[in-house]
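Secondary and tertiary structure notes
In case you want the letters, here they are:
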Amino acid sequence: MDNGAFPHLSEINKAYQDWDRTATIFNFKVACYIGLILMPAGYFLDQHVYPGRLVLFLKLRLLSDVFIAGFLVLLLTQFAKKHYRSLGVALAMVPSSFLSLMIYKTDYPEISPYYAGLNLVLLVFGFVMHWTFRETLIAVCLVISLYIAACLASWPIRNSGMFFNNIYFLVLTGIIIATGRFFHSRLRFREFALRFELDQNRKALESSLQQLKETEMQLVQSEKLASLGRMSAGIIHEINNPLNFATTGLYMLRNKRKFLAPEQQEEYAEIVNDVEEGIKRVTTIVSDLRTFSHPDAGQRDEVQVAEVVAAALRFVSNEWKNIVQVETSIAREQTIWVNKNKFIHVLVNLLQNS
């Protein structure tokens with residue numbers, strides 16, 4: 001087979017052998033069942049053609065079934081799986097041998113109509129067993145040899161014309177089967193190879209589609225982060241100004257505390273602390289946005305792991321609200337030498353993908 005036609009020819013050959021073994025062994029069983037049925041069924045033919053040898057022929061037919069049943073048992077062994085091709089030819093020789101013996105037991109073997117049974121054996125086993133061209137030639141030669149031996153064993157041959165006529169038709173049957181098996185074997189392999197290539201292409205396409213889907217998801221996520229960076233650059237300035245005013249005002253409010261009555265100072269301090277905590281949270285968010293607004297920053301700094309993890313969690317916490325609870329156990333003093341911006345990007349991607 002042309003390598004150019006099938007790029008995976010070595011893989012195809014291996015896969016074809018495994019598939020052919022399974023298919024042929026199954027057909028092997030079918031051929032055995034056919035033999036088990038047809039050989040005893042010939043008893044009704046014996047009643048009309050050779051009534052005088054009815055008992056002898058019945059014994060031979062039943063003995064043939066015993067051998068065929070032995071092949072069914074043999075198929076359960078590893079030996080049969082390894083030599084299934086040779087055993088297929090050997091199986092065809094069982095009914096052929098007994099038919100040839102029955103021909104020999106007639107008064108005039110060369111004119112016995114049972115030579116047609118040998119043609120039937122070749123036809124049935126040739127097509128059911130999916131013989132190769134080589135196996136077909138071997139089987140045809142063996143069957144013809146058995147017929148010639150059965151006739152010559154009753155020498156002299158009294159009707160040479162019928163003898164050569166029967167051999168002629170056996171040869172023609174063999175040529176027809178061998179030719180059919182030659183083209184069928186090539187088509188059978190080509191059909192399997194095409195199905196194999198189609199299956200490989202389908203798997204490759206599915207893999208490519210999966211990679212494309214993953215890439216698309218990554219691009220969408222990258223676009224989200226890029227959009228966040230572009231947006232943050234525009235709003236940071238707008239937020240920082242009122243934050244500065246609020247911080248200045250908070251400082252002045254703290255200084256006003258000393259002018260209050262003692263019983264009002266505690267409540268006043270709590271309110272101011274709450275406002276200060278809110279301003280710090282807004283400042284932290286602005287700081288995170290400023291980090292995302294500089295995606296190309298390449299410098300590395302010593303940063304606290306807990307700080308970058310908290311920043312990453314803040315960016316995804318809104319998506320997980322009331323769905324996922326994240327617990328962290330990171331020492332405050334644990335630090336790493338890393339680009340803070342890129343590391344936060346990595347953590348956000350990991351969190352969202354998980």
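Scope of this entry: the structure provided in the associated data block. (Residues numbered from 1 in each chain as written. Predicted model: local features only at pLDDT ≥ 70, side-chain atom pairs only at ≥ 80, totals over all residues. Heavy atoms only, no water.)

Some remarks on helix α1 (residues 9-41)
Keep this limit in mind: Every helix listed is a DSSP run of H or I at least four residues long, and every strand listed is a run of E at least two residues long, numbered separately from the N terminus. Expected helix span is computed as 1.5 Å times (number of residues minus one). Under the scheme applied here, a residue whose accessible area is under 20% of the maximum for its type counts as buried, over 50% as exposed, and between as partly exposed, the area being computed with a 1.4 Å probe on protein chains only.
With 33 residues, α1 ought to run about 48 Å at 1.5 Å a step, and its terminal C-alpha atoms sit 46 Å apart, in line with that. Among the residues of α1, Leu9, Ile12, Tyr16, Asp20, Thr24, Ile25, Asn27, Phe28, Ala31, Cys32, Gly35 and Met39 are the ones counted as buried.

Regarding the pattern of salt bridges
Test applied: For this document, the term salt bridge refers to a Lys or Arg side-chain nitrogen within 4 Å of an Asp or Glu carboxyl oxygen.
Within the structure shown, the criterion is met by 10 salt bridges. In the salt-bridge network here, residues are joined through shared partners; they are Asp20, Arg85, Glu135 and Arg188.

Remarks on the environment of Leu120
With respect to the helices, strands and loops of the structure, Leu120 is situated in helix α6 (residues 115-128). In this structure Leu120 comes out as partly exposed when scored by relative accessible area, which is 45%. Spatially, the C-alpha atoms of Leu120 and Thr173 are 9.3 Å apart, while their sequence positions differ by 53 residues.

A few points about helix α7 (residues 133-152)
Residues lying three or four places apart along an α-helix face the same way, a consequence of the helix completing one turn every 3.6 residues. The line we're drawing: This arc describes the spread of directions from the helix axis toward the C-beta atoms.
When the terminal C-alpha atoms of α7 are compared, their 29 Å separation across 20 residues agrees well with the 28 Å that a helix rising 1.5 Å per residue should span. All of the buried residues along α7 are Glu135, Thr136, Ala139, Val140, Val143, Ile144, Tyr147, Ala150 and Cys151. Seen along its axis, α7 keeps its buried residues to an arc of 160°; they face one direction.

So, the nonpolar core
We count it as follows: In plain words, nonpolar cores are sets of buried Ala, Val, Leu, Ile, Met, Phe, Trp, Tyr and Cys residues tied together by side-chain atoms within 4.5 Å. Note on definitions: a residue-residue contact is assigned when non-hydrogen atoms from the two residues lie within 4.5 Å.
Phe28, Phe71, Leu91, Leu118, Phe125, Trp131 and Tyr147 are the most contacted members of the largest nonpolar core, which has 45 residues in total. The greatest single-element share of this core, amounting to 11 residues, is contributed by helix α5 (residues 84-104). Excluding its chain neighbours within four sequence positions, the residues that come into contact with Phe28 are Phe71, Leu75, Tyr84, Leu87, Gly88, Leu91 and Met129. Val308, Val309, Ala311 and Leu313 belong to the second largest nonpolar core, which has 12 residues in total.

Concerning the packing of α5 against α6
Spelled out, the test is: Note on geometry: axes are C-alpha line fits, over the in-contact stretch for helices, and angles between N-to-C directions span 0 to 180 degrees. Geometric relationships in this document are graded by angle, where less than 35 degrees denotes roughly parallel, more than 145 denotes roughly antiparallel, 65 to 115 denotes roughly perpendicular, and other angles denote oblique. Classification used: nonpolar for Ala, Val, Leu, Ile, Met, Phe, Trp, Tyr, Cys and Pro, charged for Asp, Glu, Lys and Arg, polar for all others including Gly.
In contact at an axis separation of 9 Å, α5 and α6 are set at 175° when each is read in the N-to-C sense. The orientation of α5 relative to α6 falls into the category roughly antiparallel. Of the residues in α6, those touching α5 at Leu91, Ala92, Pro95, Ser96, Leu99, Ser100 and Ile103 are Tyr115, Gly117, Leu118, Val121 and Phe125. Split into classes, the residues belonging to the contact of α5 with α6 amount to 9 nonpolar, 3 polar and no charged.

Comments concerning the packing of aromatic side chains
Under the convention used in this document: Classification of ring pairs rests on two measures: the distance between centres of Phe, Tyr or Trp rings, Trp counted by its six-membered ring, which must be within 6.5 Å, and the angle between planes, read as stacked under 30 degrees, edge-to-face over 60 and tilted in between. Placement of a positive charge over a ring is assigned whenever Lys NZ or Arg CZ falls within 6 Å of the ring centre and within 35 degrees of the normal to the ring plane.
If you walk through the whole model with that rule in mind, you get 17 aromatic pairs. Here the aromatic rings of Tyr43 and Phe44 are separated by 5.9 Å at their centres, their planes lie at 70°, and the arrangement is edge-to-face. The exposed category is assigned to Phe44, whose relative accessible area is 55%. An aromatic cluster of at least three residues, connected via ring pairs, comprises Tyr16, Trp19, Phe189, Phe192 and Phe196. Of note, Arg195 hangs over the ring of Trp19, and the distance from its end group to the ring centre comes to 5.7 Å.

Structural notes on unusual backbone geometry
Between Trp155 and Pro156 the backbone carries a cis peptide bond, its omega angle lying at 5°. Position of Pro156 relative to the elements: it lies in the loop between α7 and α8 (160-256). Phi at His130 takes a positive value of approximately 55°, unusual for a residue other than glycine. By the element assignment, His130 lies in the loop between α6 and α7.

Comments concerning a nonpolar patch on the surface
What counts, and what does not: A patch consists of residues exposed above 30% relative accessible area that lack any salt bridge, with like charges linked at up to 9 Å and nonpolar side chains (Val, Leu, Ile, Met, Phe, Trp, Tyr) linked at up to 5 Å. Here the Shrake-Rupley method, with its probe set to 1.4 Å, supplies the accessible areas, and only the displayed protein chains count as covering residues.
The grouping of Tyr168, Phe169, Val171, Leu172 and Ile175 at the surface amounts to a nonpolar patch, some 430 Å² of accessible area in total. Within the element layout of this structure, Ile175 appears in helix α8.

Looking at the environment of Asn244
Within the secondary structure, Asn244 sits in helix α8. Considering only alpha carbons, one finds Asn244 and Ile279, 35 residues apart in sequence, at a separation of 9.6 Å.

Considering the side chain of Asp46
Looking at the element boundaries, Asp46 is found in helix α2 (residues 43-49). Once you skip the residues sitting within four places of it in the chain, Asp46 turns out to touch Pro51, Leu54, Phe57, Arg61, Met102 and Tyr114.

Re the environment of Arg188
Structurally, Arg188 can be placed in helix α8. Each C-alpha atom of the pair Arg188 and Asp20 lies 9.8 Å from the other, and the pair is 168 residues apart in sequence.

Looking at the side chain of Asn27
What counts is decided by this rule: For this analysis, a polar contact is any N or O atom pair within 3.5 Å, provided that within protein one partner can donate a hydrogen and the other can accept it, and provided that sequence-adjacent residues contribute only side-chain to side-chain pairs.
Position of Asn27 among the secondary structure elements: in helix α1. Only 3.1 Å separates the side chain of Asn27 from the side chain of His130, close enough to count as a polar contact. Once residues within four sequence positions are removed from consideration, Asn27 is found in contact with Val128, Met129 and His130.

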